[in-house]
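Fold and contact review
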Amino acid sequence: MKSPVAVSLWRNLFLCSLLASGAARADVVAALQSLRAGGCGGTTAAAPFLQRNPILDRAAREWAAGASPDAAIQSVGYAHKALATFHLAGDASTADALLRRVDCRKAADPTLREFGVYQRAADVWLVLAAARSAAPAGQNTILVSHPALAPASAPMLISRQVELINAARARGARCGDHELGPVPPVHLSSQLSDVALGHANDMARHDYFDHEDLTGHSPADRVRASGYREKLVGENIAYGPTSADEVVRGWLDSPGHCENIMDVRFSEVGIAYAAGGGAKPGLYWVQVFAAPRT
């Protein structure tokens with residue numbers, strides 16, 4: 001894709017019947033995240049939220065197709081240092097129900113950082129893992145050394161983007177032919193930042209640039225899979241800029257991206273970046289905007 005930036009605004013306007021097959025999967029994931037956050041009902045220490053990894057989605061699908069869990073994860077090339085797998089038949093859409101169906105200490109292992117999921121009818125296959133070189137969940141780190149940005153600069157870069165976004169929202173902006181007035185600020189969400197980081201890392205690792213990931217999931221799919229209950233999702237992506245100021249300026253100069261930044265309906269944002277390797281060592285940037293259900 002030649003353009004340095006791309007934009008999509010994904011609105012939750014689907015009929016309930018079209019969401020039915022994906023809802024159960026999202027509920028199981030939400031239950032898993034809740035179980036970890038609650039420390040198995042207070043019996044263990046709270047564990048960090050898991051980050052969705054499309055590679056582990058493929059491993060879950062291979063396992064569902066008949067491969068053993070070990071063979072499935074080997075087949076997708078995921079080098080793991082920790083692994084937990086669960087096959088759930090029937091409803092496990094709440095933390096209490098899930099607690100009765102899994103070894104909770106295994107599911108809440110804090111060393112596990114990523115997950116993949118596959119659903120067929122009422123059956124759900126969950127693969128939880130930690131890569132040998134994985135960064136802690138929720139921590140915005142780049143994948144390889146980059147001359148312009150060190151990993152320690154990530155919090156500063158993220159906070160700078162939030163500052164620039166909210167400055168634009170406070171003063172109003174011209175997005176193409178549309179003059180948009182001031183709107184309330186957005187708040188940084190660690191959950192949405194994990195979603196953004198997952199997509200930035202995936203694009204950087206697999207050398208592509210698109211809102212739809214390699215497993216066909218949209219921004220809204222990824223947000224739902226994290227357990228976030230949304231009514232509206234938007235995403236901005238960019239490749240190449242080397243500073244927060246540069247990437248936000250580019251988005252504000254692009255009508256579609258600018259409209260996402262200025263959309264009064266969004267109240268939360270997640271932000272991340274990752275450095276590519278090989279022939280495309282530049283930075284991949286992702287902003288995920290959302291409005292939670294009330």
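Note that the coordinates shown come from a computational prediction; the quantities given were computed from them, not determined experimentally. (Residues numbered from 1 in each chain as written. Predicted model: local features only at pLDDT ≥ 70, side-chain atom pairs only at ≥ 80, totals over all residues. Heavy atoms only, no water.)

Once that is clear, we can look at the overall build of the protein. Of regular secondary structure, the protein possesses eleven helices and eleven strands. Roughly 13000 Å² of accessible area belongs to the protein as shown, and the carbon and sulfur atoms make up 54% of that amount. (Helix = DSSP H or I, 4+ residues; strand = E, 2+ residues; numbered from the N terminus. Areas by Shrake-Rupley, 256 points an atom, 1.4 Å probe, with all protein chains shown as cover.)

Here we come to the confidence of the model for the protein. Taken residue by residue, the protein gives an average pLDDT of 78. The fraction at 70 or more is 80%. Across residues 134-153 the pLDDT falls below 50, and counting only partners more than four positions away or on other chains, this stretch makes 44 contacts in the model. (pLDDT = per-residue confidence, 0-100. Contact = heavy atoms within 4.5 Å.)

Per the stated rule, a full pass over the model turns up four aromatic pairs. Geometrically, the ring pair formed by Y118 and W125 is tilted, given 6.0 Å between the ring centres and 45 degrees between the ring planes. Seen in terms of ring centroids, Y239 and Y284 are 4.7 Å apart; in terms of plane orientation they differ by 55 degrees. Their pairing is tilted. Within this pair, whereas Y239 is found in strand β9 (residues 230-239), its partner Y284 is found in strand β11 (residues 283-292), the two being separated by 45 residues in sequence. What makes Y239 partly exposed here is its relative accessible area of 22%. According to the relative accessible area criterion, Y284 is buried, its value standing at 0%. (Phe/Tyr/Trp six-rings, centres within 6.5 Å; stacked < 30°, edge-to-face > 60°. Buried < 20%, exposed > 50% of the residue type's maximum accessible area, 1.4 Å probe, protein only.)

This next bit is on the pattern of salt bridges. Within the structure shown, the criterion is met by eight salt bridges. The partner of D245 in a salt bridge is R160, and the shortest N-O contact between them spans 2.7 Å. Here the residue D245 occupies a position in helix α10 (residues 244-252), and R160 occupies one in helix α7 (residues 154-171), the gap between them amounting to 85 residues. Take D245: its relative accessible area is 30%, and that puts it in the partly exposed class. On the basis of relative accessible area, R160 is assigned to the partly exposed category, the value being 27%. In this structure, E179 and R174 form a salt bridge, with 2.9 Å as the shortest nitrogen-oxygen distance. (Salt bridge = Lys/Arg side-chain N within 4 Å of Asp/Glu carboxyl O.)

Tracing the backbone shows H217 in the loop between α8 (190-206) and α9 (219-225). Taking relative accessible area as the criterion, H217 reaches 12% and is therefore assigned buried. As for H217 and P54, which are separated by 163 residues in sequence, their C-alpha atoms are 8.6 Å apart. Here T215 takes part through its side chain, which lies 2.5 Å from a polar atom of the side chain of H217. (Polar contact = N/O pair within 3.5 Å; in protein donor to acceptor, adjacent residues only side chain to side chain.)

Now for empty space enclosed by the protein. With the rule as written, the count across this model stands at one cavity of 30 Å³ or more. Lining the largest cavity are 14 residues, with R52, D194, V195, G198 and R222 positioned closest to its centre. If you list the elements that add at least two residues to the lining of the largest cavity, you get β2 (51-52), α8 and α9. The leading source of residues in the lining of the largest cavity is α8, at six residues. Each residue belonging to the lining of the largest cavity can be placed in one class, and the counts come to four nonpolar, five polar and five charged. (1 Å grid on protein atoms, 1.4 Å probe; cavity = no way out; pocket = protein on both sides within 12 Å on 5 of 7 lines; lining within 4 Å. Points joined across faces, edges and corners; volume = space filled by probe spheres on them. Nonpolar A, V, L, I, M, F, W, Y, C, P; charged D, E, K, R; others polar.)

Turning to the nonpolar core, a few remarks are in order. Among the nonpolar cores identified, the biggest contains 29 residues, and I261, M262 and W285 are the most heavily contacted of them. Listed by contribution, the elements that provide at least two residues to this core are α7, β6 (173-175), β9, α10, α11 (255-262), β10 (268-275) and β11. It is α7 that contributes the most residues to this core, six residues altogether. (Core = buried A, V, L, I, M, F, W, Y, C linked by side-chain atoms within 4.5 Å.)

A word on the environment of P219. Within the secondary structure, P219 sits in helix α9. Separated by 17 residues in the primary sequence, P219 and N236 place their C-alpha atoms 9.8 Å from one another.

Within this structure, the stated rule accounts for one disulfide. Across a sulfur-sulfur distance of 2.0 Å, C175 and C258 are joined as a disulfide pair. Its torsion about the S-S bond being -60 degrees, the disulfide of C175 and C258 is classed as left-handed. You can see C175 sitting in strand β6 and its partner C258 sitting in helix α11, a full 83 residues away along the chain. According to the relative accessible area criterion, C258 is buried, its value standing at 0%. (Disulfide = S-S within 2.5 Å.)

This next bit is on the side chain of D57. Structurally, the position occupied by D57 is in helix α3 (residues 54-64). Here V117 takes part through its backbone nitrogen, which lies 2.9 Å from a polar atom of the side chain of D57.

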